[in-house]
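# Coordinates in review
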Amino acid sequence: PAMTSLDPNTTQPSPGAGPGSQSRPGTPVVAVVATTPETAVADMGRAMDLAGVGEFLSPDIKTLLKVNISWQHWYPGCSTTPWQIEGVAKALEARGHKDLIAAHNGTVVVNSYEGEFKNKHKAAQEKVGLSDIHLDSPPNNWIDYKPKAEMLVLDDIFPEGIQIPETFPGTNIVHLPTMKTHVFTTMTGAMKNAFGGLLHRKRHWTHSVIHETLTDLLAIQKEIHPGLFAVMDGTFAGDGPGPRAMRWHVKDRILASNDQVAIDAVAAKMMGFDPMSIKFIRLAHERGLGCGDVSQINIVGEDISQVNWQFTGVENTFASRGQKLIYWGPLKPLEKLLLRSPIVGWAFLASNLYHNGYWLKTKGRRRIKAALETEWGKLFQSY
């Protein structure tokens, strides 16, 4: 890219929703809503209302729906769902938002245009008349940005300066993550969704300090976006070596919140993790960027006090083992040579050969076929 300088009676917490269920002034709110394929689109709006979306997003300014594409191929639980895009767009339009744009980003190993098509994002966008942008493709420009907040790592990783998409400052942003695990961050959600889009194609330079990077990015988001919100899809959820080579599970849940840390903490708790043991959640909590302590969160809608899906977030693939040897293992001294020099293409090739070749054509293909036979799989195919 070119570079330039419900009803009001339903809004109370569910009985027994856990330690954070009592409403207190200033307490972050996370909505957890049960859903079905028949009601998913409407339930997106219901979750958003429970989380008080009208308090946080002004309809008078442009709102970006930040789509998550973790793989250009469709795999359950991996990327934003089409009903997530449709439901959130319809809910915002019904609440007076007229300038809505779906924002996509590619990576060094994922083609966002291919992903937009294969994940049915394009179909959902066309269904609701939503325009789209691909942040790392022309004509979208990137601009220099000097954060007001003290950065933990980004200033050191990018001493030449931090750059962000020119279209971001002054807009609302709604993150559309899914509930899944991740080989580098244990779980991934709203905070990790900013990693794609807000950072350019060299974002993989930050993988060795990913938790600090996500904290820095949330600080930047709070400076440039008048409104922040997240709607997380847990209709399909994934555990194991995410965000791609996962085991999928039908979980029939939608989460919503304006607090990016809190929604990730509640998702982590539901998946079976201690949220404050996940470094990016703890760092963001300690820096006052949101609430990672579930006991201090007002969880409305579903009672999750006894929820524990027992997901595992410490599994690896052949590819992630190699990456971890470079980021945190004996190959650390070679990180710049292997991943920040002209020979870096070997890493992208290896990732594509493993995920798009071996894994997708063996385990992945069987799991996708089984997922398409579920009611959610049938809904996916309907777009």
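For the structure, see preceding data.
Residues numbered from 1 in each chain as written. Predicted model: local features only at pLDDT ≥ 70, side-chain atom pairs only at ≥ 80, totals over all residues. Heavy atoms only, no water.

## Thoughts on the packing of aromatic side chains
Quick reminder of the rule: In summary, the pairing rule links any two rings of Phe, Tyr or Trp, Trp by its six-membered ring, whose centres are within 6.5 Å, and it sorts them by plane angle into stacked for under 30 degrees, edge-to-face for over 60 and tilted for everything else. Under the DSSP-based scheme used, a helix requires at least four consecutive residues in state H or I and a strand at least two consecutive residues in state E, with every element numbered from the N terminus. Working rule: Lys NZ or Arg CZ, within 6 Å of ring centre, within 35 degrees of ring normal, means a charge sits over the ring.
In this structure the tally under the stated criterion is 10 aromatic pairs. Between W74 and F236 the ring centres are 6.2 Å apart and the planes differ by 65°, which places this aromatic pair in the edge-to-face class. Here W74, found in the loop between β2 (63–67) and α3 (82–94), pairs with F236, found in strand β10 (residues 228–239); they are 162 residues apart in sequence, far enough to count as distant. Three or more aromatic residues joined by ring pairs make a cluster, and in this case those are W74, F236, W248 and F380. If you follow K120 out to its NZ or CZ, it ends over the ring of F380, 5.4 Å from the centre. In this structure, R244 packs its charged tip against the face of W71, placed 5.9 Å from the ring centre.

## Side note on the side chain of H225
Short version of the rule: Only protein chains enter the area calculation, which uses a 1.4 Å probe; residues under 20% of their type maximum are buried, those over 50% are exposed, and those in between are partly exposed. Polar contacts, as counted here, are pairs of nitrogen or oxygen atoms within 3.5 Å of one another; within protein the pair requires one atom able to donate a hydrogen and one able to accept it, and residues that are adjacent in sequence qualify only if both atoms are side-chain atoms. Every residue pair with non-hydrogen atoms within 4.5 Å of one another is taken to be in contact.
Mapped onto the elements of the fold, H225 is located in the loop between α9 (210–224) and β10. Under the relative-accessibility criterion, H225 is labelled buried at 6%. Engagement of the side chain of H225 in a polar contact is seen with the backbone oxygen of F168, the distance being 3.5 Å. Ignoring anything within four residues of it in the chain, the contact list for H225 reads F168, T171, N172 and I173.

## Brief notes about the nonpolar core
What counts here: Here, nonpolar core refers to any group of buried Ala, Val, Leu, Ile, Met, Phe, Trp, Tyr and Cys residues whose side-chain atoms link them within 4.5 Å.
By size, the foremost hydrophobic cluster in this structure holds 63 residues, and its most contacted members are M179, M187, L255, V266 and M270. The element contributing the most residues to this core is helix α10 (residues 260–271), with 9 residues. If near-sequence neighbours (up to four positions away) are discounted, M270 is found in contact with V32, M179, R253, L255, I304, V307, N308 and W309. Formed by 50 residues, the second largest nonpolar core is a distinct cluster that contains V29, V53, L65 and W376.

## Considerations on the pattern of salt bridges
Between side chains of opposite charge, pairing is possible as soon as their charged atoms come close. Inclusion rule: Whenever a carboxyl oxygen of Asp or Glu lies within 4 Å of a side-chain nitrogen of Lys or Arg, that contact is scored as a salt bridge.
The full count for this structure, using the stated rule, is 11 salt bridges. Residue E86 is joined to K127 by a salt bridge in which the shortest nitrogen-to-oxygen separation is 3.4 Å. Here E86 is found in helix α3, whereas its partner K127 is found in helix α5 (residues 121–128), with 41 residues between them in sequence. Measuring nitrogen to oxygen at the nearest pair gives 2.6 Å for the salt bridge that ties E114 to K118. Within this pair, E114 and its partner K118 are both found in helix α4 (residues 112–118), separated by 4 residues, close to a single helical turn. Its relative accessible area of 32% is what places K118 among the partly exposed residues. One network of salt bridges, in which partners are shared, links E86, K90 and K127.

## Some remarks on unusual backbone geometry
Put simply, P138 and P139 share a cis peptide bond, and its omega is 10°. G242 connects to P243 through a cis peptide bond whose omega is 15°. Secondary-structure assignment places P243 in the loop between β10 and β11 (247–257). The phi torsion at K120 lies on the positive side, around 65°, for a residue other than glycine. Within the secondary structure, K120 is located in the loop between α4 and α5. The phi torsion at D252 lies on the positive side, around 55°, for a residue other than glycine.

## Here we look at helix α1 (residues 40–50)
Of the residues making up α1, those classed as buried are A40, D43, M44, G45, A47, M48 and L50. In the segment just after α1, G52 is the residue with positive phi, at about 75°.

## Overview of the environment of A371
By the element assignment, A371 lies in helix α14 (residues 345–372). Residue A371 is classed as buried on the basis of its relative accessible area of 0%. Along the backbone, A371 and P76 are 295 residues apart, and their C-alpha atoms lie at a distance of 6.9 Å. What A371 contacts, discounting residues up to four positions off in sequence, is W74, P76, F236, W248 and G377.

## So, the packing of α1 against α3
Rule in force here: Only the stretch in contact is used when a helix axis is fitted, and all axes are lines through C-alpha atoms; the angle between N-to-C directions ranges over 0 to 180 degrees. By definition in this entry, angles of less than 35 degrees are roughly parallel, angles greater than 145 are roughly antiparallel, angles of 65 to 115 are roughly perpendicular, and the rest are oblique. Left-handed describes a crossing whose near helix is turned anticlockwise from the far helix by less than a right angle; the clockwise case is right-handed. The nonpolar class holds Ala, Val, Leu, Ile, Met, Phe, Trp, Tyr, Cys and Pro. Asp, Glu, Lys and Arg form the charged class, and all remaining residues, Gly among them, are polar.
Direction vectors running N to C along α1 and α3 enclose 55°, while the axes themselves pass 8 Å from each other. As judged from the angle between their axes, α1 and α3 are oblique. Handedness of the α1/α3 crossing: right-handed. The segment α1 lies against α3, with A40, V41, M44, G45 and M48 engaging W83, Q84, E86, G87, V88, K90, A91 and L92. Class assignment of the residues belonging to the contact of α1 with α3 gives a composition of 8 nonpolar, 3 polar and 2 charged.

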